[in-house]
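A look at the structure
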Amino acid sequence: MRYEKQARALIRKMIRRARQDWATCVYVTPYGESEVINEGQLERDIINAVFSCDETTITFHDMTTGRNLGSVLVVLEYDREPCEIISDCTDNDYINRLLNHIGA
């Protein structure tokens, strides 16, 4: 991927913002599937899971309430700029705050 370093920084920034709340878990699944592919909740595990597939869904989940906070679809292509890797997302306050924080 041409802009991989910048794309990783963008995803890292989003994950760090989400993880400021200790009760938020981040799950990565290949697009269209239901099996979680990140091994744990460490930042590097989450980022590596996102970059292990061309299309992944990052889902944010609140452990205390059991509620799904929203999700983001990440599509990685060779010449896609970092600001374009987020192709779709849940339209709610939580996800909008995350995306505003990263400038997407």
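Check the entry above for the structure.
Residues numbered from 1 in each chain as written. Predicted model: local features only at pLDDT ≥ 70, side-chain atom pairs only at ≥ 80, totals over all residues. Heavy atoms only, no water.

**Things to note about the pattern of salt bridges**
Summed over all chains, the structure comprises five salt bridges. Between Arg 8 and Glu 4 there is a salt bridge, with the nearest N and O atoms lying 3.0 Å from each other. Taken together, the residues span about one helical turn, with Arg 8 and Glu 4 both in helix H1 (residues 4-18) at a distance of four residues. A salt bridge links Arg 44 to Asp 45; the nearest nitrogen and oxygen atoms lie 4.0 Å apart. In this structure Arg 44 comes out as exposed when scored by relative accessible area, which is 57%. (Salt bridge = Lys/Arg side-chain N within 4 Å of Asp/Glu carboxyl O. Helix = DSSP H or I, 4+ residues; strand = E, 2+ residues; numbered from the N terminus. Buried < 20%, exposed > 50% of the residue type's maximum accessible area, 1.4 Å probe, protein only.)

**Observations concerning the pairing of strand E3 (residues 67-75)**
Pairing of strand E2 (residues 55-62) with E3, which is carried by eight bridges, proceeds in the antiparallel orientation. Looking at E3, one finds that His 61 is bridged to Asn 68. If you look at the hairpin formed by E2 and E3, you'll find four residues sitting between the two strands, and Gly 66 has a positive phi there, around 75 degrees. Here E3 pairs with strand E4 (residues 86-89) via three bridges, running antiparallel. The residue bridging Val 74 from the neighbouring strand is Ile 86, located in E4. (Pairing = 2+ DSSP bridges.)

**Brief notes about H1**
For H1, with 15 residues, the first-to-last C-alpha span of 21 Å sits near the 21 Å given by 1.5 Å per residue. Taken together, the buried positions of H1 are Ala 7, Leu 10, Ile 11, Met 14, Ile 15 and Ala 18. Buried residues of H1, seen end-on, are gathered within an arc of 130 degrees and therefore sit on one face of the element. Those residues of H1 hidden inside the fold are in contact with strand E1 (24-30), helix H2 (43-50), E2, E3, E4 and helix H3 (93-102). (Expected span 1.5 Å × (residues − 1). Arc of directions from axis to C-beta. Contact = heavy atoms within 4.5 Å.)

**Quick word on the packing of aromatic side chains**
Across all of its chains, the model carries one aromatic pair by this definition. Across the ring face of Phe 51, the terminal group of Arg 8 is positioned such that the distance to the ring centre comes to 4.5 Å. (Phe/Tyr/Trp six-rings, centres within 6.5 Å; stacked < 30°, edge-to-face > 60°. Lys NZ or Arg CZ within 6 Å of the ring centre and 35° of its normal.)

**A word on the sheet that holds E3**
Within a sheet, adjacent strands bond to each other through the backbone by hydrogen bonds, running parallel or antiparallel. Pairing is antiparallel in the open sheet, where four strands are placed in the order E1-E2-E3-E4. Two strands in the sheet have a free side with no partner beyond their single neighbour: E1 and E4. Strand-to-strand, the axes of this sheet are offset by a mean angle of 25 degrees, without reference to chain direction. Here H1 sits on the sheet and contacts E1, E2, E3 and E4; the angle it forms with E2, its principal contact strand, is near 15 degrees. Relative to E1, H2 is tilted by about 25 degrees, and along the sheet it contacts E1, E2 and E3. (Axes fitted to C-alpha atoms, helices over the stretch in contact; angles between N-to-C directions.)

Everything listed here is a matter of geometry and, on its own, says nothing about what the molecule does.
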